[in-house]
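# Descriptive structure summary
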Amino acid sequence: MVPGPRNLITDIPGLRVGNAHDERVLSGVTAVIFDKPNVASGVTLGGAPGSRDTTLLEPEMTIQSLDAVVLSGGSLFGLDAAGGVVSFLRQEGRGVRIGTANVPIAAQAIIFDLLNGGDKNWGRMPPYWELGWRAAEKASGGDFPLGTVGGGYGASTVNFKGGLGSASLVTPSGFIVGALAIVNAVGSVTIGDGPHFWAGAYEIGREFGGHGLPSRVPAEAHKLRIKGTAPPSTTIALVATNAWLTKAEAKRLSIMANDGLARAIRPVHAPMDGDTVIAVSMQDAPLKNRAIDLTEIGHAAADCLARAVARGVYEAAVPSDAWAGPPAYRDLYP
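Our subject in this report is the structure included herewith. (Residues numbered from 1 in each chain as written. Predicted model: local features only at pLDDT ≥ 70, side-chain atom pairs only at ≥ 80, totals over all residues. Heavy atoms only, no water.)

### Things to note about the packing of helix α2 (residues 81–91) against helix α3 (residues 128–137)
The criterion, for reference: An axis is simply a line fitted to the C-alpha atoms; with a helix, the fit covers only the stretch in contact. Between two such axes, the angle follows the N-to-C directions and lies from 0 to 180 degrees. What counts as a helix is a DSSP run of H or I of at least four residues, what counts as a strand is a run of E of at least two, and both are numbered from the N terminus. These descriptions rest on fixed angle ranges, namely under 35 degrees for roughly parallel, over 145 for roughly antiparallel, 65 to 115 for roughly perpendicular, and the rest for oblique. Helix crossings fall into two classes, left-handed where the near helix is turned counterclockwise from the far one by less than a right angle and right-handed where it is turned clockwise. The contact criterion used is simple: two residues touch if any of their non-hydrogen atoms lie within 4.5 Å.
One can describe the packing of α2 onto α3 by two numbers: an axis separation of 6 Å at closest approach and a directional angle of 45 degrees. Judged on the interaxial angle alone, α3 and α2 are oblique. Our pair here, α2 against α3, has a crossing hand that is right-handed. From α2, Ala81, Gly83, Gly84, Val85, Ser87, Phe88 and Gln91 reach across to α3, where they touch Tyr128, Trp129, Gly132, Trp133, Ala136 and Glu137.

Right, here's the structure in full:
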């Protein structure tokens, strides 16, 4: 399998990615806008998720298609971001038509980034509604930056700055798969303090440094390492494909893709994690053998998500002198 031309989730036609952040608050929002009907589902495996309208992703629920997925900082306060996104989309005439009303459908997941040194004394109204609007307004189907951007602006891991990551693959059968992740893990994505990533076996080229895996993982690297007193953390993600899936198959795709987090992060799915993965089928490429094709797509999605996690940390930079989190990976391994 090889990456798409951008090695980003925007290699899949029909979706756009926009990012916005607040330098004072040290937080931000990523919005993914879908420009055509799709089928979406998802799964949450962490013990402390924060989300909006993810219940409608279950296969038995009526809604099939999403107008947007929002991945945001801000913890509970960040859930305002979806309000900004859907308001922007409503202005654009997007959404489910109910009589004369337009109701855009957006699912959201959030990370906890409230202890990173940013000024969280925002007064009467948190900034996330406005950040959501700006992220939707900026959404593009082309290249976009990784690392300290959008929902990953204030993210961290136990030992390195976290961030926004993305990757794509074209499967042997020709399906396109992409992943987008906000990496804010309570644990580590590197073996010890680096330079090797736990996801090193899945790296393509030098997309996160080209260090591969060490000849042997030291025993010290297997010990549990988590942030301080284990505050709420999480990695949240979107995986997408051009394959034509049912809602139940999209659910299975999200489950398989979630294994990418386990390939890239130690520990994962912990009591203080959210670990929500949303899967979206853009309904372009029919399956020929449903079970085999879906297995191939899910396998690629897990690899993509593992790579996206590593890229999010590899590309991150310390945002400002106010940053109270760990150093950036490339400050130690330029």
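We are not done yet, so read on.
### Points about the pairing of strand β5 (residues 68–72)
To be explicit about the condition: Think of it in three bands: residues with accessible area under 20% of the maximum for their type are buried, residues over 50% are exposed, and the middle band is partly exposed, with areas taken using a 1.4 Å probe on protein chains only. By the convention used here, strands pair only if DSSP detects at least 2 bridges between them.
Counting buried positions along β5 gives five out of five residues, so the element sits mostly inside the fold. As paired strands, strand β2 (residues 27–34) and β5 are joined by five bridges and run antiparallel to one another. In the strand pairing of β5, threonine 30 is matched with leucine 71. Here β5 pairs with strand β8 (residues 106–110) via five bridges, running parallel. In the strand pairing of β8, serine 72 is matched with isoleucine 110.

### Quick word on the pattern of salt bridges
Stated precisely, the cut-off is as follows: Every case where a carboxyl oxygen of Asp or Glu lies within 4 Å of a side-chain nitrogen of Lys or Arg is listed as a salt bridge.
Under the definition given, this model contains 14 salt bridges. Residue lysine 223 is joined to glutamate 220 by a salt bridge in which the shortest nitrogen-to-oxygen separation is 3.2 Å. Note on accessibility: lysine 223 and glutamate 220 belong to one class, exposed. Ionic pairing is found between aspartate 303 and arginine 263, a salt bridge with its closest N-O pair at 2.4 Å. Of the two residues, aspartate 303 is situated in helix α5 (residues 290–314) and arginine 263 in helix α4 (residues 247–264); the sequence distance between them amounts to 40 residues. The network of salt bridges with shared partners includes Arg16, Asp35, Asp67 and Arg94.

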